[in-house]
Amino acid sequence: MALDPQKRAEFVNAYTRALINAWSSEEYAERLGTDSRAALAEAGLELPADAEIVIVRELPEGKQDGNLDVQVEFWEIGLATGRYEFHIPETPMVDTAELSEGDLSDVAAGGTYCCCPCCCCT
């Protein structure tokens, strides 16, 4: 059962809050293991009382489940089966392989970016 765009956006926003909370608060990260339901609810992920909750903190070597589409699939499976799996790595997973030296330089030096292709910027 695929989520409609609004439900998908709501899930992604809540999941993102859970990730940020886990990465910025040791107390929240600990509660993910001890009281997952309450910690996830705090981020906006309300789960049924009888749901099975699986929190995966360490991804196996080479496993690339940081993709949001994968986590959305886990959520959809949970809605159908009652088993909800959340991949919340211990530390943020950032793939810098696709960044050029120029991209890295702009990030470090605070390069100028425009949000639109208007005549003033292009």
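The shown structure was predicted, so the numbers you read here are calculated from the model rather than taken from an experiment.

K.L.:
Explanation requested: the packing of aromatic side chains in the structure shown.
P.N.:
Each aromatic ring pair is characterised by the separation of its centres together with the angle its planes make. The tally for this structure, following the rule as stated, stands at four aromatic pairs. Taking 5.8 Å as the distance between ring centres and 15° as the angle between the ring planes, the aromatic pair formed by F11 and Y15 counts as stacked. Placement of the pair is F11 and Y15 together in helix α1 (residues 5–24), with a separation of four residues, close to one helical turn. Note on F11 and W75: the rings are 4.8 Å apart at their centroids and 25° apart in plane angle, and the pair reads as stacked. A residue pair is termed long-range when its members are at least 10 positions apart, and F11 in helix α1 and W75 in helix α4 (residues 68–81) qualify at 64 residues. An identical accessibility class is assigned to F11 and W75; each is buried. An aromatic cluster is present here, built from F11, Y15, W75, Y84 and F86 joined pairwise through their rings.

K.L.:
Please explain the packing of helix α2 (residues 26–34) against helix α3 (residues 36–43) as it appears in this structure.
P.N.:
For any two helices packed against each other, one specifies the crossing angle of their axes together with the interaxial distance. Across the interface, α2 lies against α3 with an axial gap of 6 Å and an inter-helix angle of 130°. Of the possible angle classes, the one that applies to α2 and α3 is oblique. Residues Y28, R31, L32, G33 and T34 of α2 form the contact with α3, whose own contacting residues are S36, A38, A39, L40, E42 and A43. Broken down by class, the residue content of the contact of α2 with α3 amounts to six nonpolar, three polar and two charged.

K.L.:
Whenever I open this one, the pairing of strand β2 (residues 83–87) confuses me. Can you help?
P.N.:
For β2, the tally of buried residues reaches four of five residues, placing the bulk of the element in the interior. One ladder, built from five bridges, connects strand β1 (residues 52–56) with β2; its direction is parallel. Paired with I53 across the bridge in β2 is Y84.

K.L.:
Would you mind going over the nonpolar core with me for this structure?
P.N.:
Generally speaking, a soluble globular protein has its nonpolar side chains buried in company with each other. Residues F11, L45, W75, F86 and I88 are the most contacted members of the largest nonpolar core, which totals 21 residues. At the level of secondary structure, the elements contributing two or more residues to this core comprise α1, α2, α3, α4 and β2. Broken down by element, this core gets its largest block of residues, seven residues, from α1. In this structure, F86 is in contact with F11, Y15, L40, L45, L47, I53, V54, I55, V56, Q71 and W75, ignoring residues within four places of it in sequence.

Cut-off values and rules
Residues numbered from 1 in each chain as written. Predicted model: local features only at pLDDT ≥ 70, side-chain atom pairs only at ≥ 80, totals over all residues. Heavy atoms only, no water. Phe/Tyr/Trp six-rings, centres within 6.5 Å; stacked < 30°, edge-to-face > 60°. Helix = DSSP H or I, 4+ residues; strand = E, 2+ residues; numbered from the N terminus. Buried < 20%, exposed > 50% of the residue type's maximum accessible area, 1.4 Å probe, protein only. Axes fitted to C-alpha atoms, helices over the stretch in contact; angles between N-to-C directions. Parallel < 35°, antiparallel > 145°, perpendicular 65-115°, else oblique. Contact = heavy atoms within 4.5 Å. Nonpolar A, V, L, I, M, F, W, Y, C, P; charged D, E, K, R; others polar. Pairing = 2+ DSSP bridges. Core = buried A, V, L, I, M, F, W, Y, C linked by side-chain atoms within 4.5 Å.

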